[in-house]
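# Secondary and tertiary structure notes
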Amino acid sequence: MNIIILISSPAGGKGTISRYIEEKYHYKHISTGNLLRNEIKNNTDIGKKIKGSMKKGKLVDDNIIKEILEKELSNINSNIVLDGIPRTINQAKILDELDKKYNNFKITKVIYIEIDKDVAQSRAVSRLVCPNCNRTYSKDDILCNKCNIKLVSRNDDSEEIFLDRYDRFIKETRPLLEYYKDKIVTIYNNNDVEDAYLEVDKILKGDE
Ligand code: ADP
């Protein structure tokens, strides 16, 4: 299993780029944010524990992240694009442990999606999501074009929570660029997402 890790600030485009990689290159998209939101939606024991911290944009406990990720990985046999993990050096070490435990698991690329803070902020406060499939849309959309149901705002997409999450990204997540310095490639997502897709194509050429 080849693993691609995506790193970006909140609302940097990890979900959108992951979906592109899933559809074009047949990698399985695993989003820790979506897995956690599903736990809340299904009112599981984990969902009850994490509801408060997620609403405030705080990071969920590493043991919970490890548990849901390991459960998900045990059901998958294809290449994977990881969206939302690791968010800290400690979580990168958790992935390294899983790498040792399952010897068919190999981090091949780490893609850093670079975006200006103000662009990410305006995308965060205006984005809508499908409550069923978690696909992200812009503020002008009304229905999910896959599930045909009404789009909603995420309760952690206010300006105040974005700013707090962004600070944490700078302090805790950005140091991962140094941790993965041998594997990192950067793409830019300030402009049209089609431009970012072209950059992804250059990185994944040959993986189709
Ligand atoms: P975005 O797409 O805006 O970056 P995500 O959907 O990836 O947001 O994450 C939403 C929330 O889910 C985070 O603010 C955090 O509460 C929780 N979360 C997601 N991934 C992790 C993780 N690896 N570790 C801890 N918490 C996480």
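This section reports on the structure supplied with the text. Predicted, not measured: the structure shown is a model, and the values here were computed from it.

## Re unusual backbone geometry
- Backbone torsion omega between Ile 85 and Pro 86 reads 0 degrees, so that peptide bond is classified as cis.
- Within the element layout of this structure, Pro 86 appears in the loop between strand 3 (80-83) and helix 5 (89-101).
- Phi is positive for His 26, close to 60 degrees, though the residue is something other than glycine.
- Positive phi values are uncommon outside glycine, yet Asn 134 reaches one of about 70 degrees.
- Mapped onto the elements, Asn 134 comes out in the loop between strand 5 (128-129) and strand 6 (136-137).
- For Asn 134, a relative accessible area of 13% puts it in the buried group.

## Considering the pairing of strand 3
- Residue alternation in strand 3 divides its side chains into two sets, Ile 80 and Leu 82 and Val 81 and Asp 83, and both sets are buried.
- The pairing of strand 1 (residues 2-8) with strand 3 spans four bridges and is parallel. Note on strand 3: the bridge partner recorded for Ile 5 is Leu 82.

## Things to note about the site of the ligand
- Around the ligand sit 21 residues, and of these Lys 14, Thr 32, Lys 58, Gln 91 and Arg 127 come closest.
- One of the side-chain N or O atoms of Gln 91 is found 2.8 Å from a nitrogen atom in the ligand.
- In the environment of the ligand, an oxygen atom lies 3.1 Å from a nitrogen or oxygen atom belonging to the side chain of Arg 154.
- No other element matches the four residues that helix 2 (residues 32-41) contributes to the shell around the ligand.
- Among the residues making up the shell around the ligand, the classes are represented as eight nonpolar, five polar and eight charged.

How each quantity is defined
Residues numbered from 1 in each chain as written. Predicted model: local features only at pLDDT ≥ 70, side-chain atom pairs only at ≥ 80, totals over all residues. Heavy atoms only, no water. Helix = DSSP H or I, 4+ residues; strand = E, 2+ residues; numbered from the N terminus. Buried < 20%, exposed > 50% of the residue type's maximum accessible area, 1.4 Å probe, protein only. Pairing = 2+ DSSP bridges. Near = heavy atom within 4 Å. Polar contact = N/O pair within 3.5 Å; in protein donor to acceptor, adjacent residues only side chain to side chain. Nonpolar A, V, L, I, M, F, W, Y, C, P; charged D, E, K, R; others polar.

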